[in-house]
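Inside the fold
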Amino acid sequence: MSTENLPQSPEQSPEQQPPRKPRVAVVFGGRSSEHGISVVTAGAVLAAIDRTKYDVLPIGITRDGRWALTADEPERMAITDRRTPDVEELAESTEGGVVLPVDPANREVVYSEPGSVPKALGEVDVVFPVLHGPYGEDGTLQGLLELSGVPYVGSGVLASAVGQDKEYMKAVFTSYGLKVGPYVVIRPREWEQDRSAAREKVVDFAGEHGWPLFVKPARAGSSIGITKVDDSSGLDEAIEEARRHDPKILIEAALRGREIECGVLEFEDGPRASVPAEIPPPSEHAYYDFEAKYIDSTPGVVPAPLTEEETTEVRRLAVAAFDAASCEGLVRADFFLTEDDEFVINEINTMPGFTPISMYPQMWQATGVSYPELVDRLVQAALRRSTGLR
């Protein structure tokens, strides 16, 4: 591939250069099973970001981990014919790679191809990582950016890791007085060394809390790898399905109630909560799974039909969860409103779905923050923060 048309550092002297707009690298794709949804999210962000205010550099991470310079064409990043897009389809080259700086004193991004002289693409002022799942949303990319000294949108290393691992997320929430539902964890060693004992552990849990159970990867999102299990006969298959995405498995008791979500966004004076939304039971799916969420686009109800007191309480709890996990930037907090009129927190997402149909931007739209303003606020919040301890 020729590098003549790639964005490169200006050749003018500093005195000749006009004031430079902040450069935002939108990083997406990644090695997790949520790769395709991350690409869809990136398309929406790229379409919304204010190009008069920011320079934008789209960087896709392929499924095998290569950092690729990609086309800045949001229209190619949509779900088509029930199929999610892929970074390899958008990459400018099948071999070229983008390298972020590892020196905090240097934010120059470099593009290189085998047999070619590396090309400088200019400095990056902030990274907008729209990766979902492991190897991106879980603190790994955040750690890399901390080492590089490059500011980024969203939570730091600890909060990202806590927000990705549902076991430790629930432990943190419990320690801060937030109510969580019953759950049990099957660690990799338990299943690999003694399946019978691990299975008995789950059956005993069901004996205490009842069927059905939800078997899910402990560190995945987008409702991928989740199985609703009605009795012990389906347990092994459900565990193996979850283990395709994560060797650590979380099993949750079914909570009977309404699914309520709430968005949290960092403003200049601290985090604020959006109006909540309700996810009604999907008519063609057993629960709100990946197909219902992204392919068939089961609509949520915004704002949720709650009483004034319920709305105030869930917004308070969403900010409390944000603070409990030391989050930054944004969070979507998911709750159940049980039949006893009690809010039970299910999980948080530190980089929630950002597609046009995703609930997080819809909730903020209903609260008075448009999608472009939402993107701008997230970038501005990242630019206000330094990397390192804070």
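Residues numbered from 1 in each chain as written. Predicted model: local features only at pLDDT ≥ 70, side-chain atom pairs only at ≥ 80, totals over all residues. Heavy atoms only, no water.

Some thoughts on helix 3 (residues 140–148)
Note on helix geometry: an α-helix contains 3.6 residues per turn, so any two residues three or four positions apart are oriented the same way. Applied cut-off: Buried residues are those whose accessible area, probed at 1.4 Å on protein chains only, stays under 20% of the maximum for their type, while exposed residues exceed 50% and partly exposed ones sit between those limits. By definition, any uninterrupted DSSP run of H or I lasting at least four residues is a helix, any uninterrupted run of E lasting at least two residues is a strand, and each is numbered from the N terminus. Contacts are assigned to residue pairs that have any heavy atoms within 4.5 Å of one another.
All of the buried residues along helix 3 are Leu141, Gln142, Gly143, Leu145 and Ser148. Buried residues along helix 3 sit in contact with strand 3 (67–69), strand 7 (126–129) and helix 4 (157–164). Once helix 3 finishes, Gly149 follows within two positions and takes phi at roughly 75 degrees, a positive value.

As for helix 8 (residues 235–243)
Rules: In this description, one arc is meant: the one made by directions from the helix axis to the C-beta atoms.
Residues Leu235, Ala238, Ile239 and Ala242 constitute the buried set of helix 8. Within helix 8, the buried residues cover an arc of 100 degrees as seen down the axis, which keeps them to one side. At its buried positions, helix 8 is contacted by helix 6 (188–193), helix 7 (195–209), strand 9 (213–217), strand 10 (227–229) and strand 11 (249–253).

Quick notes on the pairing of strand 9
The following threshold applies: At least two bridges found by DSSP between two strands are what make those strands a pair.
In terms of burial, strand 9 is largely enclosed, as five of its five residues are buried. Every second residue of strand 9 is oriented toward a common face, with Leu213, Val215 and Pro217 on one face and Phe214 and Lys216 on the other, all of them buried. Bridge count for strand 9 against strand 11 is five bridges, and the pairing is antiparallel. Bridge assignment links Lys216 to a residue of strand 11, and that residue is Leu250.

Quick look at the nonpolar core
Inclusion rule: By nonpolar core we mean a set of buried residues, namely Ala, Val, Leu, Ile, Met, Phe, Trp, Tyr and Cys, connected to one another through side-chain atoms within 4.5 Å.
Of all hydrophobic cores here, the largest spans 33 residues; its most connected members are Val26, Phe28, Phe128 and Phe354. Contributing elements (two or more residues each) for this core: strand 1 (23–29), helix 1 (35–48), helix 2 (87–90), strand 7, strand 12 (257–267), helix 11 (359–367) and helix 12 (371–384). Among the nonpolar cores identified, the runner-up in size contains 29 residues, and Met169, Ala318, Ala321 and Phe343 belong to it.

Side note on the packing of aromatic side chains
How we decide: For Phe, Tyr and Trp, where Trp contributes only its six-membered ring, two rings pair if their centres lie within 6.5 Å, and the inter-plane angle classes them as stacked under 30 degrees, edge-to-face over 60, or tilted in between.
Per the stated rule, a full pass over the model turns up five aromatic pairs. Between Phe128 and Phe354, the ring centres sit 6.3 Å apart and the planes meet at 75 degrees, which makes this aromatic pair edge-to-face. Here Phe128, found in strand 7, pairs with Phe354, found in the loop between strand 16 (343–349) and helix 11; they are 226 residues apart in sequence, far enough to count as distant. The same class applies to Phe128 as to Phe354, namely buried.

Comments concerning the side chain of Asn349
The criterion, for reference: Any pair of N or O atoms that falls within 3.5 Å is considered a polar contact. Within protein, one atom must be able to donate a hydrogen and the other to accept it, and sequence-neighbouring residues count only if both atoms are side-chain atoms.
Looking at the element boundaries, Asn349 is found in strand 16. Judged by relative accessible area, which is 11%, Asn349 ranks as buried. Within the structure, the side chain of Asn349 is placed 3.2 Å from the side chain of Glu347, a separation counted as a polar contact.

Brief notes about the pattern of salt bridges
Note the cut-off: Within this document, salt bridges are pairs made up of a side-chain nitrogen of Lys or Arg and a carboxyl oxygen of Asp or Glu, the two lying within 4 Å of each other.
Summed over the entire model, instances satisfying the criterion amount to 33 salt bridges. The residue Glu89 makes a salt bridge to Arg83 at a minimum N-O spacing of 2.2 Å. The salt bridge involving Arg377 is made with Glu268; its shortest N-O contact spans 3.3 Å. Taken together, the residues span a long stretch of sequence, with Arg377 in helix 12 and Glu268 in the loop between strand 12 and strand 13 (270–273) at a distance of 109 residues.

Here we look at the confidence of the model for the protein chain
Under the convention used in this document: Confidence of the predictor in every single residue is expressed as pLDDT, which spans 0 to 100.
On average, residues of the protein chain score 90 in pLDDT, and 91% of them reach the 70 mark or higher. Within the model, the stretch residues 1–5 combines pLDDT values under 50 with nine contacts to residues more than four positions away or in other chains.

Things to note about unusual backbone geometry
Geometrically, the link from Trp211 to Pro212 is a cis peptide bond, its omega value of 0 degrees lying close to zero. Mapped onto the elements, Pro212 comes out in the loop between helix 7 and strand 9. Here the residue pair Val302 and Pro303 is connected by a cis peptide bond, since its omega of -5 degrees sits within 30 degrees of zero. Structurally, Pro303 can be placed in the loop between helix 9 (290–295) and helix 10 (308–324). Here Tyr135, not a glycine, exhibits a phi torsion of approximately 65 degrees, which is positive. Here the phi dihedral of Ser326 falls at roughly 60 degrees; this positive angle occurs in a residue that is not glycine. Here Ser326 is to be found in the loop between helix 10 and strand 15 (330–338).

What about the side chain of Ser93?
Within the secondary structure layout, Ser93 lies in the loop between helix 2 and strand 4 (97–99). Residue classification places Ser93 among the buried residues on the basis of a relative accessible area of 11%. Of note is the side chain of Ser93, whose polar atom sits 3.0 Å from the backbone nitrogen of Gly96.

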